[in-house]
Amino acid sequence: MSAPEHDFGEDVLKAGEKLRSFTADGDIDQREPVKINGAFQVTDADDGDAIVGVAAYDVAGGQEVDVAMDDCEVLVEGQGGGFDAGDSVEVVDGGFQTLGSGEKVGVALEDAAGDGTLGQIYLTDSGGN
């Protein structure tokens, strides 16, 4: 008997069909914003980065991971001050907060109070389309 390949945990993708599989360049956590590198692999996005999308589940480096991309509604973690419904959002500390000086990646559909609080966003400006 083999162990399950991935721990899907709570659903990340809430609506939308734009999923694409990438190879992870390092460990990636579920709900984490990811960017694409020069080797066409995904890695953790840095604060304020443009992103390709949000990881659907936890993976180790070298494994395949499904990424929810533009036009998807996803459940993500708020960070810093979090975000309120209707806010434009950016990447910060592996999660999302109200847009400051970074790159807009989506719009909040509900509130997320801050560090580790889950909230839903609509990805509107992620790259890799």
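See the structure shown above.
Residues numbered from 1 in each chain as written. Predicted model: local features only at pLDDT ≥ 70, side-chain atom pairs only at ≥ 80, totals over all residues. Heavy atoms only, no water.

**Overview of the overall build of the protein**
When helices and strands are tallied, the protein shows zero helices and 11 strands. In sequence order, the secondary structure elements of the protein are arranged as β-β-β-β-β-β-β-β-β-β-β. For 129 residues, the compact-globule formula gives about 14 Å, and the C-alpha radius of gyration of the protein, at 13 Å, lands near that figure. The buried share of the protein, reckoned over its 129 residues, is 40%. In the protein, of all internal contacts separated by at least 6 residues, the share reaching a separation of at least 24 is 54%. Here the protein displays about 6,100 Å² of accessible surface, and carbon together with sulfur accounts for 42% of that area. (Helix = DSSP H or I, 4+ residues; strand = E, 2+ residues; numbered from the N terminus. Rg over C-alpha atoms; globule rule 2.2 N^0.38 Å. Buried < 20%, exposed > 50% of the residue type's maximum accessible area, 1.4 Å probe, protein only. Contact = heavy atoms within 4.5 Å. Areas by Shrake-Rupley, 256 points an atom, 1.4 Å probe, with all protein chains shown as cover.)

**Quick notes on the sheet that holds strand 7 (residues 73–77)**
Strand order in the open sheet made by the six strands is 1-7-11-10-8-9, with antiparallel pairing throughout. What marks the edges here is a single partner per strand, and that holds for strand 1 (13–15) and strand 9 (95–98). Each strand of the sheet is rotated relative to its neighbour by a mean of 45 degrees, with strand direction disregarded. Relative to strand 9, strand 8 (residues 88–92) runs antiparallel, the two sharing four bridges. (Pairing = 2+ DSSP bridges. Axes fitted to C-alpha atoms, helices over the stretch in contact; angles between N-to-C directions.)

**Topic: the nonpolar core**
Core analysis: the biggest nonpolar cluster contains 17 residues, and V74, F83, F96 and I121 have the highest contact counts within it. Looking at this core, the elements that each hand over two or more residues are strand 7, strand 8 and strand 11 (118–123). Filtering out sequence-adjacent residues up to four positions away, V74 remains in contact with V12, L13, K14, V54, A68, G119, Q120, I121 and L123. With 13 residues, the next largest nonpolar core counts V42, V52, V59 and M69 among its residues. (Core = buried A, V, L, I, M, F, W, Y, C linked by side-chain atoms within 4.5 Å.)

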